[in-house]
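# Chains, contacts and geometry: an overview
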Amino acid sequence: MSEPTDRRYGPATLPRSRGPLSAAVVEALRRPPYDLPADLGVDLDPADPITDEDLQLTLFLCYELHYRGWFGVDESWEWQPTLLALRARCERVFEAALRRLVGSPPVPAAGVAAGLGELVAADDGPALAATLQRRADLTQFREFAAHRSVYHLREADPHSWALPRLGGPAKAALVEIQTDEYGNGRLDRMHAELFRCTLDRLGLDTGYGAYVDVVPAVTLATNNLMSLFGLHRRLRGALLGHLAAFEMTSSLPNRRYGNGLRRLGFDEVATRFHDEHVEADAVHEQIAAHDLCGGLVRVEPALASDVLFGAAAGLAVDRLFAVHLLDSWAAGRSSLRAPAPPVLPPEVPLVTLPAVAPPAPPALV
């Protein structure tokens, strides 16, 4: 089986398994659809579901079938009943862990927008953005970009699942945000394309899903969280809350990421993705909190607690992600998993982080 003609847009190559459950799914996806064993995953009980490599990869394997699919995998697997049943078992474990992690944030009397503001103000996540701005070396910045590529190369797609599930003011607000994310219909302005340019400047692979095989469970969890919320109508409030928290905490970190790249000598092509988010997300912050989430709750008041749960869960898992990177670097080790040969197809090499020299600093004038 030959490699796709344009790896930039997917589908990605199946990653290697990380435990018995993901091994069973990878092996199944290599074959035409068939019924999986009924007891597969019934005893699933990881100590920490959010950082469990086998669970998070299993979820990611299942979720990706609803996005670009997997290279060489029969597309009928997307709706295979026994695979969906396995996914549901994994989702129950993952969602329960998220609810244990953040509890049920109370809805303040001032309303859901005020509640979102309180969650963001109370967020005590580690200073990953400040580290990347001031101290991170090129290797560390490239690792960060590899982690983030899993989401940014399909940026905005998980939140678009909400569009057909909304009406009225919330739908109008989401369309306004997503239109910006997708570059107002211009390929060169799509945020995913801007990040692809950043990857290229960093000497990294620009293929869709190129680094899925080397990112750890916590990185997959930041993506699985969005897919969990997006693929379940009952969690539409949580999905909008996640997006609001995402937008409300984006502007300053992206300014720092851009400045970090400039410190390392990169040009405006490399920083454009981050620079674009400094302006766009400052506007999106207000739309997301007041028009999107506020608009939803005005129509469906019962979803207010779901909105705050989604925001809190997103902030908490992002905090775990940042801790993983900073702890790894402080210990002098990579934040990525060691690369290994691919599972499918054997003639498509696994992309690893290539060694490149840092760019020359800009000339002083």
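None of these values were measured; they are calculated from a predicted model.

### Considerations on the overall build of the chain
Along its length, the chain carries 14 helices and zero strands. Secondary structure elements in the chain, listed N-terminal to C-terminal, are α-α-α-α-α-α-α-α-α-α-α-α-α-α. Along the three orthogonal principal directions, the C-alpha set of the chain runs to about 60 × 50 × 40 Å. The buried share of the chain, reckoned over its 365 residues, is 55%. When contacts within the chain are restricted to residue pairs at least 6 apart in sequence, long-range pairs at least 24 apart make up 82% of them. Carbon and sulfur atoms provide 55% of the accessible area of the chain, an area that totals close to 15100 Å². Looking at charge distribution, the chain has the averaged site of its 35 positive side-chain charges lying 1 Å from that of its 46 negative ones.

### Focus: the packing of aromatic side chains
To describe a pair of aromatic rings, you give the distance between the ring centres and the angle between the ring planes. Under the criterion given, the structure shown has eight aromatic pairs. Relative to Trp161, the ring of Tyr67 lies with its centre 6.0 Å away and its plane at 75°, an arrangement referred to as edge-to-face. In this pair, Tyr67 sits in the loop between helix H2 (53-64) and helix H3 (81-102) while Trp161 sits in the loop between helix H7 (157-160) and helix H8 (168-181), placing the two residues 94 residues apart along the sequence. Tyr67 sits in the buried class, given a relative accessible area of 15%. Geometrically, the ring pair formed by Tyr151 and Phe246 is edge-to-face, given 5.6 Å between the ring centres and 65° between the ring planes. Separated by 95 residues along the polypeptide, Tyr151 in helix H6 (residues 138-152) and Phe246 in helix H11 (residues 236-248) bring together distant segments of the chain. You can call Phe246 buried: its relative accessible area is 18%. Site record: aromatic cluster; members linked through ring pairs are Phe141, Phe144 and Tyr257. Over the face of the ring belonging to Tyr34 we find Arg31, whose NZ or CZ atom lies 4.3 Å from the ring centre. Across the ring face of Tyr67, the terminal group of Arg154 is positioned such that the distance to the ring centre comes to 4.0 Å.

### Regarding the side chain of Asp306
Structurally, the position occupied by Asp306 is in helix H14 (residues 304-330). Buried Asp306, no salt bridge; nearest opposite-charge side chain is Arg99, N-O distance 4.9 Å. In contact with Asp306, other than residues within four places in its own chain, are Arg234, Gly237 and Ala238.

### Section: helix H4 (residues 112-122)
Along an α-helix, a turn takes 3.6 residues, which lines up residues three or four apart on a common side. For H4, the full list of buried residues reads Val112, Ala113, Gly115 and Leu116. Down the axis of H4, the sector holding all buried residues measures 160°, keeping them to one side. Residues of H4 that are exposed and point over 90 degrees away from its buried face: Ala121 and Ala122.

About the cut-offs
- Residues numbered from 1 in each chain as written.
- Predicted model: local features only at pLDDT ≥ 70, side-chain atom pairs only at ≥ 80, totals over all residues.
- Heavy atoms only, no water.
- Helix = DSSP H or I, 4+ residues; strand = E, 2+ residues; numbered from the N terminus.
- Buried < 20%, exposed > 50% of the residue type's maximum accessible area, 1.4 Å probe, protein only.
- Contact = heavy atoms within 4.5 Å.
- Areas by Shrake-Rupley, 256 points an atom, 1.4 Å probe, with all protein chains shown as cover.
- Lys, Arg positive; Asp, Glu negative; His and termini not counted.
- Charge placed at Lys NZ, Arg CZ, Asp CG, Glu CD.
- Phe/Tyr/Trp six-rings, centres within 6.5 Å; stacked < 30°, edge-to-face > 60°.
- Lys NZ or Arg CZ within 6 Å of the ring centre and 35° of its normal.
- Salt bridge = Lys/Arg side-chain N within 4 Å of Asp/Glu carboxyl O.
- Arc of directions from axis to C-beta.

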